[in-house]
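Below, each chain spelled out in residue letters.
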Amino acid sequence: MIDALAHRFHPLEAVTHAVQLIAAGTDTTASLIANVVHRLFEDRRRVEELLADRSLVGRAVEESLRLDAPLEYVLRTATGPAEVGRERVERGDRVVVSLLAANRDEAAWGSDAGEFRLDRRPERAMLSFGAGIHLCLGAGLARLEARLLVEELLERFPGCRLAPGWRYKPSRSSMLRRPATLEVVL
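Below or above, wherever it landed, is the structure these notes cover. (Residues numbered from 1 in each chain as written. Predicted model: local features only at pLDDT ≥ 70, side-chain atom pairs only at ≥ 80, totals over all residues. Heavy atoms only, no water.)

### Describing the environment of Val 36
Mapped onto the secondary structure, Val 36 falls in helix 2 (residues 11-41). Remark: the alpha-carbon pair of Val 36 and Asp 68, spanning 32 residues in sequence, is separated by 8.4 Å. Excluding anything up to four places from it in sequence, Val 36 contacts Ala 60, Val 61, Ser 64 and Val 150. (Helix = DSSP H or I, 4+ residues; strand = E, 2+ residues; numbered from the N terminus. Contact = heavy atoms within 4.5 Å.)

Below you can see the structure in the form of structure tokens.
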């Protein structure tokens, strides 16, 4: 398989793709980490829950991914005719898919879909990392990095919290969802 791919790409194309993957993974993982830390620290009870039961850290990362997808939307090209909502989409049409809307769909997640809950047991997969052939290549690594960072924060700085006076301001990126800054007191 690798040999077949090697023949399809010019070396410059291969390097360009590799750089793009690294840059994309860095931005989205940084967004995931900032989002999960913000969600945990905005309510000290969440931190206390995690201090009491470290097995909830993975669930906190998943709930952060669901509620605050690092990428707010993705662009897709329709491979055939379809109806989305009440709109007709034809083969070749470009479609903007809101990951935030999908992950907060009350039909899928319940009437509290807009709330961060450590006790949520997802019945459906959230779409923050895509699905199928569009599944993010770095999904597992991003989850691992976020989980390890939260575990280390709890272990080394159990009293950590948001800095007094800090207020959430969104990043200026039109595609990434995260705070512009995140100030914490360790």
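Now, onward.
### Some words on the packing of aromatic side chains
The tally for this structure, following the rule as stated, stands at 1 aromatic pair. On the basis of an interplanar angle of 85° and a centroid distance of 6.2 Å, the ring pair of Trp 166 and Tyr 168 is categorised as edge-to-face. A relative accessible area of 32% means that Tyr 168 is categorised as partly exposed. Taking NZ or CZ as reference, Arg 66 lies 5.2 Å from the ring centre of Trp 109, over its face. (Phe/Tyr/Trp six-rings, centres within 6.5 Å; stacked < 30°, edge-to-face > 60°. Buried < 20%, exposed > 50% of the residue type's maximum accessible area, 1.4 Å probe, protein only. Lys NZ or Arg CZ within 6 Å of the ring centre and 35° of its normal.)

### Considering the layout of surface pockets
Over the atoms rolls a probe the size of a water molecule, and its path tells where empty space is left. Within this model, the largest pocket holds a volume of roughly 1100 Å³. Taken together, 36 residues line the largest pocket, and the ones lying closest to its centre are Leu 21, His 134, Leu 135, Cys 136 and Leu 137. When residues of the lining of the largest pocket are traced back to their parent elements, those giving at least two are helix 2, strand 1 (73-77), helix 5 (99-103) and helix 7 (139-156). At 11 residues, helix 2 tops the list of elements feeding residues into the lining of the largest pocket. (1 Å grid on protein atoms, 1.4 Å probe; cavity = no way out; pocket = protein on both sides within 12 Å on 5 of 7 lines; lining within 4 Å. Points joined across faces, edges and corners; volume = space filled by probe spheres on them.)

### As for helix 3 (residues 44-52)
Think of an α-helix as turning once every 3.6 residues; residues three or four places apart then point the same way. Those residues of helix 3 not exposed but buried are Arg 46, Val 47 and Leu 50. All buried residues of helix 3 project into a common sector of 100° when viewed along the axis, lining one side. More than 90 degrees from the buried face of helix 3, the exposed residues found are Arg 45 and Ala 52. (Arc of directions from axis to C-beta.)

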